[in-house]
Amino acid sequence: MRLNFYKYQGAGNDFIMVDNREDTFPKHDITLINKLCDRKFGVGADGLILLENDEEHDFKMVYYNADGNESTMCGNGGRCLVAFAKQLGVIKDEATFNAIDGKHYAEIDGDVVSLQMIDVDTLEIFDVYSFLNTGSPHHVQEVEDIKNYDVFSNGKAIRYGTPYNEAGSNVNFVEKMSADTFAVRTYERGVEDETLSCGTGVTAVALAMYANGKTESTQITLETLGGTLQVSFTEESDKLFKNIFLKGKATFVFEGTIIC
Ligand SMILES: N[C@H](CCC[C@H](N)C(=O)O)C(=O)O
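Since we're looking at a predicted model, the values are computed, not measured.

Caption draft 1: Examining the UniProt feature "active site" (unreviewed entry) in the protein more closely. When the UniProt feature table is mapped to this numbering, "active site" (unreviewed entry) covers Cys74 and Cys198. Across 125 residues, the annotated set stays spatially compact, with a maximum C-alpha separation of 7.8 Å. Of the annotated set named above, Cys74 and Cys198 line the largest cavity. Among the structural elements, cysteine 74 can be located in the loop between strand 4 (59-65) and helix 2 (75-88). In contact with cysteine 74, not counting residues within four places along its chain, are Phe15, Met61, Tyr63 and Thr200. Within the fold, cysteine 198 resides in the loop between strand 13 (193-195) and helix 4 (199-211). For cysteine 198, a relative accessible area of 4% translates into the label buried. Excluding residues that lie within four positions of it along the chain, cysteine 198 makes contacts with Asn13, Asn76, His138, Thr186 and Glu188.

Caption draft 2: Geometry of the site of the ligand. As a structural note, the neighbourhood of the ligand is formed by 17 residues, with Ser71, Asn170, Glu188, Gly199 and Thr200 the closest of them. Interatomic distance of 3.0 Å between a side-chain N/O atom of asparagine 13 and a nitrogen atom of the ligand. Note that an oxygen atom of the ligand is positioned 2.7 Å from one of the side-chain N or O atoms of asparagine 170. Within the complex, the protein chains bury 100% of what would otherwise be the 360 Å² of accessible surface of the ligand. One can see that the ligand is located within the largest cavity. Of all the secondary structure elements, the ones that give two or more residues to the shell around the ligand are strand 4, helix 2 and helix 4. When its residues are assigned to classes, the shell around the ligand shows 5 nonpolar, 10 polar and 2 charged. Three or more residues apiece are contributed to the shell around the ligand by two domains, here domain 1 (2-113 + 250-259) and domain 2 (123-247).

Caption draft 3: Local environment of the pattern of salt bridges. Tallied over the entire structure, the rule returns 9 salt bridges. Sharing partners across several salt bridges, the network here consists of Lys7, Asp14, Arg39 and Asp46.

Caption draft 4: The arrangement of the nonpolar core in detail. In this structure, Met17, Phe59, Met61 and Leu222 are the most contacted members of the largest nonpolar core, which totals 51 residues. A total of 8 residues in this core trace back to one element, the largest contributor, which is helix 4. Each of domain 1 (2-113 + 250-259) and domain 2 (123-247) accounts for three or more of the residues forming this core. Those residues in contact with methionine 17, other than ones at most four positions away along the chain, are Phe5, Tyr6, Tyr8, Ile49, Gly77, Cys80, Leu81 and Phe84. Phe25, Val43, Leu48 and Val62 belong to the second largest nonpolar core, which has 17 residues in total.

Caption draft 5: Examining the packing of aromatic side chains more closely. A complete count under the given rule lists 14 aromatic pairs for this structure. Aromatic side chains tyrosine 6 and phenylalanine 84 sit 4.8 Å apart centroid to centroid with 50° between the ring planes, which places their arrangement in the tilted category. Taken together, the positions of tyrosine 6 in strand 1 (residues 2-10) and phenylalanine 84 in helix 2 put the pair 78 residues apart, joining distant regions of the chain. We note that tyrosine 6, like phenylalanine 84, is buried. Judged by centre distance (6.2 Å) and plane angle (50°), the ring pair of tyrosine 6 and phenylalanine 252 falls under tilted. Of the two residues, tyrosine 6 sits in strand 1 while phenylalanine 252 sits in strand 17 (residues 251-259), which places them 246 residues apart along the sequence. A cation over an aromatic ring shows up here: arginine 159 above the ring of tyrosine 160, its NZ or CZ 3.8 Å from the ring centre.

Conventions used here
- Residues numbered from 1 in each chain as written.
- Predicted model: local features only at pLDDT ≥ 70, side-chain atom pairs only at ≥ 80, totals over all residues.
- Heavy atoms only, no water.
- UniProt positions renumbered as here; feature names shortened; annotations may be inferred.
- 1 Å grid on protein atoms, 1.4 Å probe; cavity = no way out; pocket = protein on both sides within 12 Å on 5 of 7 lines; lining within 4 Å.
- Helix = DSSP H or I, 4+ residues; strand = E, 2+ residues; numbered from the N terminus.
- Contact = heavy atoms within 4.5 Å.
- Buried < 20%, exposed > 50% of the residue type's maximum accessible area, 1.4 Å probe, protein only.
- Near = heavy atom within 4 Å.
- Polar contact = N/O pair within 3.5 Å; in protein donor to acceptor, adjacent residues only side chain to side chain.
- Areas by Shrake-Rupley, 256 points an atom, 1.4 Å probe, with all protein chains shown as cover.
- Sits in = over half its atoms within 2 Å of the grid points.
- Nonpolar A, V, L, I, M, F, W, Y, C, P; charged D, E, K, R; others polar.
- Domains from an automatic or database assignment.
- Salt bridge = Lys/Arg side-chain N within 4 Å of Asp/Glu carboxyl O.
- Core = buried A, V, L, I, M, F, W, Y, C linked by side-chain atoms within 4.5 Å.
- Phe/Tyr/Trp six-rings, centres within 6.5 Å; stacked < 30°, edge-to-face > 60°.
- Lys NZ or Arg CZ within 6 Å of the ring centre and 35° of its normal.

See below:
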C-alpha cells in the first residue's frame, strides 16, 4: 500500500497525519500503525491521526498512540489536526470537529492553534498527587529539580502501578517556576516513554496547580522540553472548570509517501 502522510509537531509532540476522508486507511491494523510510528523502521512519531469526514462538524479526529492502539484525546494532536485541516483547505481560520471525547472548537492564527478542551468536573487531590481527565487520564505530581528528575523510571512505575495498572494513566511531573508558570515533563501512556510535551497533560497540570492553590492565575504558561504552551480556563460553580483552551504552535514538518 502507498500511504501519503504529513508530519506535524506541536511543542515537540509529533504525529503522522493522514487524510482519510476516502476511508481507505486500515484502521484496525495495530501492527502497521505501530511500525509507521517506529523511529527506526517507520516514519517515527508519538502518534498517528486520521482526518475523516463528519456529518455534523468540519471533520472527525481518530487518534492512535505509537503502540498502534486507538486512544483517548490528544491535545497537541488536535491542535496539529486543525493546522492540517487548514493546509488541506478543509477549514479557514476556525473549526469544530468531533473527537473521541466529544466536540471541540478551535481557532488558528498563523501557526498558533487555540483548542477548546472538554469541561472538567472531577479533580481528585491526594497526598502527593492529583488525578483528573482532560480528555485523557492524567496523574499530576510536583517534584524538585525537574531538569534532573528521572521521568522515565518514575513515570513508568506510576503508569503501570496501583491504581492505574494495565489501563494506565499519563504521568506529569511539575515544578513551579513563577506565579503563573510551571515546568512540566510527561511520561505518556501508549508511547511508553517521555514525550517532549503532552497537550492534555499540560492542561491537567494547569488545572491541578490552580485547584491545589499553587497559582491564582487562570491564564497559565507551561514550559515543556518541546516548547511553551498556554492554558486558560474559567472556574464555575456547577462544573469545576469550563472554557478550557490549550494554545500553542502547531507546525508542518514534511510530507511524504511510504510503501507499507
Ligand atoms: N498518550 C495519551 C494520548 C495522547 C496525549 C498527548 N499526546 C496529548 O497531547 O494530549 C493517552 O493515551 O492517554
